[in-house]
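Listed below are the residues making up each chain.
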Amino acid sequence: MIGSRRQILVRKILIWIALILGACFAGLPVVWMVASSFKSNLEIFAYPPALIDYSFSFDAYRAVLGDPQRLRFFFNSYLVAILVTICTVVTSILAGYSFSRYDFRFKKILNLIIIGVQSVPPITLMIPYFGLIVWLGIYNSYAALVLTYMVFTLSYAIIMMTGYFNTLPRDLDEAVMIDGGGSFVTLWRILVPISLPGIVAVGVYTFMLAWNEFLFALTLTRTNDMRTVPIGIHLLMGQHSFEWNQMLALSVLGSLPVLVLFLLFQRYFIAGMSAGSVKG
Amino acid sequence: MAQARKISEPTNIAWEQRKRRFLPYAYLSPTLLLLAALTVVPILTVFLYSLVDNVIVNPNPPQFVGLENYEEVLTNRKFRGALSNTLYFALVSVAVHFVIGLSFALLLNSRLLGDNVKAIFRVIYILPWVFTASIIAILWRLLLNPHGVVNFVLLELGLVPELMEWLSDRKLALNAVTFINIWAGYPFYLVSFLAGLQGIPEDLYESGRVDGGNAWQLFLHITLPQLRPIIISLALLDFIWTIHQFTLIWMTTGGGPLRSTEVLSTYTYKAAFSSHEYSIASTIAMVILAICTVVAIFYVRSQRMADE
């Protein structure tokens, strides 16, 4: 039989070896980044390398957090990501409701277009965006970033919201309608409250996309008071002398929000990740 | 859907019907407005630019040139180099993502592991996904630096003869950025496969075992076919996303050295914002869009089939 004790033990050991090797592949680079952010800039590439050395200090963090300009990057990133999340969630609830509960003439084609938007390369949109955003008079503003990011968050969010609403029985909203509630009342009073898990998944995923965006933040902002954390890191890299420890400290701090969201809302985060490929 | 409300007055019914026809569009209007202004219009603009010479910053008046720009781009050696780098980058990424993602998913799905162990390792395995491309770029520039820890370990183990210039050696750079992209992207597969594996009914395996199948046969004849729809949509989506990738390459190698890691997106960016050849940049942008659209059509089809 397959199940002799010895064989199971051998398999268990093999699985554990693979498990730990995999964890090293995934986790060690991150550990090294965090450890290096506590070193002095001189010790970053010391030979032989050590995970923690005598130069351990919080200096790099102090330098980053004590610099008002870099704090501004964080403020901008938070503000833009939160605004994008709110706008995306509201818009996708409305659109998802429409796709899930109504039959209308152009439904199929509109649905296709929204799925298709995911495949439009950001670089294709970038050339005309520059002119368009200037023409709209919102170049170098939060509005430019929020609106552009929504183009990349919305289609995903709508697909997820529609999917979520589809899992809820229609009898539910029909009961409210018969009682005299309009469709809008039905949506906000009935569907939205019970769709909270889906909404959280959409929100967490949207926040991550917005927090991480780089290309448009680079091209649509000009002054440092409008720039976000990824651009702040990019600016540090462009300097002549690399302040490695500060760059790494900024990276660690810049990863924290998404990391915290991931750890707190793991289930929803994962639901967002797999929404595109796994049909519920 | 039939009418939910029963209203006796005929005028009211007509009004209700009209409202019902109009409502779905009203709910969609913010989305449609945004997508029209920020997707449809820009795509049409890029298309127009690609047919014209002397666009944007240029003292000469714009001139309609038809498909000349396409001819110029498609026969250009730099473009072909960037295209082949892009395809290599994307195809290798997709293939290795698949292998790593599926291996980790099978590992985490093992019945020999307790739930807590699985939960902890799942978090570790998904970790790379949490980091944004610019931070991943910094992280790997730190590790792959000639004096970095990767070279130290490989040298100590005798796997490399000397300190390697992973990101600045023409022969190594493309594989190095592909490796970084592999590290950054496999969790997407892992998570989808984990969800997929949990959806495979246990009795399929039971009957497979009764028929005398060993673990490898069960994997080949049950697991893989069951995961097929997920595999297809994952691969297509990932292929599109990898072609979109700009930040990672821009911040690790910038397309260099000597264009050895130049992909279509960095090439477009340089054509537009360094050389100010907006017509050429728009033409390349249209080519990328065309590639992605073709793949997207297959993706939508595969999603449809999964729906039915």
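Model, not experiment: these values are computed from the prediction.

Draft legend 1. Quick peek at the overall build of chain B. The secondary structure content of chain B amounts to 12 helices and 2 strands. At 26 Å, chain B has a C-alpha radius of gyration far larger than the 19 Å of a compact globule built from 308 residues. Along the longest, intermediate and shortest principal axes, the C-alpha atoms of chain B span 85 × 75 × 30 Å. Expressed as a percentage of its 308 residues, the buried residues of chain B come to 43%. Taking the intrachain contacts of chain B between residues at least 6 apart in sequence as the baseline, contacts between residues at least 24 apart amount to 67%.

Draft legend 2. Representation of the overall build of chain A. Across its full length, chain A carries 13 helices and 0 strands. Reading the helices (α) and strands (β) of chain A from amino to carboxyl end gives α-α-α-α-α-α-α-α-α-α-α-α-α. Relative to the 2.2 N^0.38 estimate, which gives 19 Å for 280 residues, the radius of gyration of chain A is 24 Å and therefore markedly larger than a compact globule would have. Seen through its C-alpha atoms, chain A measures out along the principal axes to roughly 75 × 75 × 35 Å. Counting the 280 residues in chain A, one finds 48% classified as buried. Counting contacts in chain A only where the partners sit at least 6 residues apart, residues at least 24 apart contribute 77% of the total.

Draft legend 3. Quick look at helix α6 (residues 142-166) of chain A. The end-to-end C-alpha distance of α6 of chain A, which contains 25 residues, comes to 34 Å, matching closely the 36 Å that a straight helix rising 1.5 Å per residue would cover. The element α6 of chain A is largely enclosed, with a buried count of 21 among its 25 residues.

Draft legend 4. Representation of the confidence of the model for chain A. On average, chain A scores 85 in pLDDT, and the residues at 70 or more come to 94%. Of all secondary-structure elements in chain A, the lowest mean pLDDT belongs to helix α7 (residues 170-178) of chain A, at 75, while helix α3 (residues 68-101) of chain A reaches the highest, 92.

Draft legend 5. View of the nonpolar core. Counting residues in each nonpolar core, the largest one holds 168 residues, and the members touching the most others are Ile136, Leu190, Ile284 and Ile288 of chain B. At 17 residues, the largest contribution of residues to this core is made by α6 of chain A. Apart from residues no more than four positions distant in its own chain, Ile136 of chain B is found in contact with Phe131, Ile180, Ala184 and Leu248 of chain B.

Draft legend 6. Looking closely at the interface of chain A and chain B. Every contact between the two is made by 75 residues of chain A and, on the other side, 79 residues of chain B. For the side of chain A that touches chain B, the element with the highest residue contribution is helix α1 (residues 5-36) of chain A, accounting for 14 residues. Its residues assigned to classes, the side of chain A that touches chain B comprises 51 nonpolar, 19 polar and 5 charged.

Draft legend 7. Up close: the domain arrangement of chain A. You can read the domains of chain A as domain 1 (5-36) and domain 2 (59-274). Distance between the C-alpha centres of domain 1 of chain A and domain 2 of chain A: 34 Å.

Draft legend 8. Region of interest: the domain arrangement of chain B. Annotation of chain B at the domain level lists domain 1 (10-50) and domain 2 (70-307). In this assembly, 4 residues from domain 1 of chain B lie in contact with 6 residues from domain 2 of chain B.

Draft legend 9. Geometry of unusual backbone geometry. Within the chain, Asn140 of chain A stands out as a residue other than glycine whose phi angle is a positive 60 degrees. Looking at the secondary structure, you find Asn140 of chain A in the loop between α5 (122-135) and α6. Not every positive phi belongs to a glycine, and Leu258 of chain B is a case in point at roughly 50 degrees. Here Leu258 of chain B lies in the loop between α10 (247-252) and α11 (264-273). We classify Leu258 of chain B as exposed; it has 10 C-beta atoms within 10 Å.

Draft legend 10. Structural context of the confidence of the model for chain B. Residue and element names in this part refer to chain B. Looking at chain B, the pLDDT average stands at 86 and 94% of residues meet or exceed 70. A low-confidence stretch, residues 1-8 (pLDDT under 50), is modelled with 10 contacts involving residues beyond four sequence positions or located in other chains. Two numbers describe this predicted complex: its pTM, 0.88, and its ipTM, 0.87.

The rules behind each value
Residues numbered from 1 in each chain as written. Chains lettered and ligands numbered in written order. Predicted model: local features only at pLDDT ≥ 70, side-chain atom pairs only at ≥ 80, totals over all residues. Helix = DSSP H or I, 4+ residues; strand = E, 2+ residues; numbered from the N terminus. Rg over C-alpha atoms; globule rule 2.2 N^0.38 Å. Buried ≥ 20, exposed ≤ 12 C-beta atoms within 10 Å, placed from the backbone. Contact = placed C-beta atoms within 7 Å. Expected span 1.5 Å × (residues − 1). pLDDT = per-residue confidence, 0-100. Core = buried A, V, L, I, M, F, W, Y, C linked by C-beta atoms within 7 Å. Nonpolar A, V, L, I, M, F, W, Y, C, P; charged D, E, K, R; others polar. Domains from an automatic or database assignment.

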